[in-house]
Amino acid sequence: MKEELFEEQSFVDAQKLSDILEEQDEEVKEVLPPLSKTLMEIYGLNTPSTDVLNYISQKKTSINMMVVALFMFITCFVPLIILDSLYIPEVFGVLIMALMIFAGVVLIVKGNAGVKNEKSLLANLELSDEDHEYIEAENERYRKSQANNIIIAVGLFIFSIFPVVIADTLLPWYIADNFGIASMFIMIASGVSLLVYQARNASLFKKLLRSDKKVHY
């Protein structure tokens, strides 16, 4: 192409030069990959790491919101008990309870709405080797922490009776029972939330490993 340009140098006009440059552009386009492709697609990996990591981040956020909502549902009547012990009008306790339930529902709805394209991603999932290693490591981490989290949750359930005894011993009689019961349900709610948090996170990584259609060696 350059030789042709030099041979006809005295006769090259603007149109000829434009045609030569256009041919060169076409040759370059055949060599270079389309700019719309991600690096993962260029190297033959069907699922970009960003998609997998974004999905994990969205699911973890959704799980956290659900756990907080569950805690609020279980403990929503605690303010009612405490305010009643302090001789504050019952209407304020009912209002706080309603607000906690409403906030819990909002958290669940927003958490679920924040997870994008879950069905399509899992249906066509082919993890890169790096993604697979990361997910396996996270799955193993939650598997190892399962026993400890169960022990802590069971401990919270068993020792939840102690606040009732302590409150009855240290606090005036007219508030002891209510504060003890409120503390007991907070401990129970904490144990339940911990178990759900552990189970849902472990399930997230197991689901990704089960959905992976690529064979890893």
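Residues numbered from 1 in each chain as written. Predicted model: local features only at pLDDT ≥ 70, side-chain atom pairs only at ≥ 80, totals over all residues. Heavy atoms only, no water.

This paragraph deals with the packing of helix H8 (residues 129–159) against helix H10 (residues 173–211). As a packed pair, H8 and H10 sit with axes 8 Å apart at the nearest point and diverge in direction by 160 degrees. Classified by the angle between their axes, H8 and H10 sit roughly antiparallel to one another. Crossing hand, H8 versus H10: left-handed. Per-class residue counts for the contact of H8 with H10 are 18 nonpolar, nine polar and three charged. (Axes fitted to C-alpha atoms, helices over the stretch in contact; angles between N-to-C directions. Helix = DSSP H or I, 4+ residues; strand = E, 2+ residues; numbered from the N terminus. Parallel < 35°, antiparallel > 145°, perpendicular 65-115°, else oblique. Left-handed = near helix turned anticlockwise from the far one by under 90°. Nonpolar A, V, L, I, M, F, W, Y, C, P; charged D, E, K, R; others polar.)

Relative to the helices and strands, Thr75 is located in helix H4 (residues 49–75). The exposure class assigned to Thr75 is buried, which follows from its relative accessible area of 5%. Reaching out from Thr75, the side chain makes a polar contact with the backbone oxygen of Phe71 at a distance of 2.7 Å. Non-local contacts of Thr75, meaning those with residues more than four positions away in its chain, are made with Met100, Phe185, Ile186 and Ala189. (Buried < 20%, exposed > 50% of the residue type's maximum accessible area, 1.4 Å probe, protein only. Polar contact = N/O pair within 3.5 Å; in protein donor to acceptor, adjacent residues only side chain to side chain. Contact = heavy atoms within 4.5 Å.)

End to end, helix H6 (residues 90–113) covers 35 Å across 24 residues, agreeing with the expected 34 Å (1.5 Å per residue, within 8%). Those residues of H6 that sit buried are Gly93, Met100, Gly104 and Gly111. (Expected span 1.5 Å × (residues − 1).)

To continue, consider a nonpolar patch on the surface. The grouping of Ile150, Val154, Ile158, Phe159, Ile161, Phe162, Val165, Ile166, Leu170, Leu171 and Leu195 at the surface amounts to a nonpolar patch, some 980 Å² of accessible area in total. Contributions of two or more residues to the nonpolar patch are made by H8 and helix H9 (162–170). Looking at where Ile161 falls in the secondary structure, it is placed in the loop between H8 and H9. (Patch = residues over 30% accessible without salt bridge, like charges linked within 9 Å, V, L, I, M, F, W, Y side chains within 5 Å. Areas by Shrake-Rupley, 256 points an atom, 1.4 Å probe, with all protein chains shown as cover. Salt bridge = Lys/Arg side-chain N within 4 Å of Asp/Glu carboxyl O.)

Another aspect to go through is the confidence of the model for the protein chain. Should pLDDT be low for a region, the predicted coordinates there are not to be read in detail. In the predicted model, the protein chain carries a mean pLDDT of 81, and the fraction of residues at 70 or more is 77%. Within the protein chain, the lowest mean pLDDT, 42, falls on helix H3 (residues 39–42), and the highest, 94, falls on H6. (pLDDT = per-residue confidence, 0-100.)

This next bit is on a negative patch on the surface. A cluster of acidic residues, Asp129, Glu130, Glu133 and Glu136, forms a negative patch at the surface. The residue Glu136 is located in helix H8 in this model. Glu136 gets classed as partly exposed once you look at its relative accessible area, which sits at 43%. (Lys, Arg positive; Asp, Glu negative; His and termini not counted. Charge placed at Lys NZ, Arg CZ, Asp CG, Glu CD.)

Right, let's talk about unusual backbone geometry for a bit. Excluding glycine, residues mostly have negative phi values, and the peptide bonds linking residues are mostly trans. Positive phi outside glycine occurs at Tyr87, with the angle close to 60 degrees. Looking at where Tyr87 falls in the secondary structure, it is placed in the loop between helix H5 (78–85) and H6. Taking relative accessible area as the criterion, Tyr87 reaches 64% and is therefore assigned exposed. For Asn117, which is not glycine, the phi dihedral falls at a positive 55 degrees. Looking at where Asn117 falls in the secondary structure, it is placed in the loop between H6 and helix H7 (118–123).

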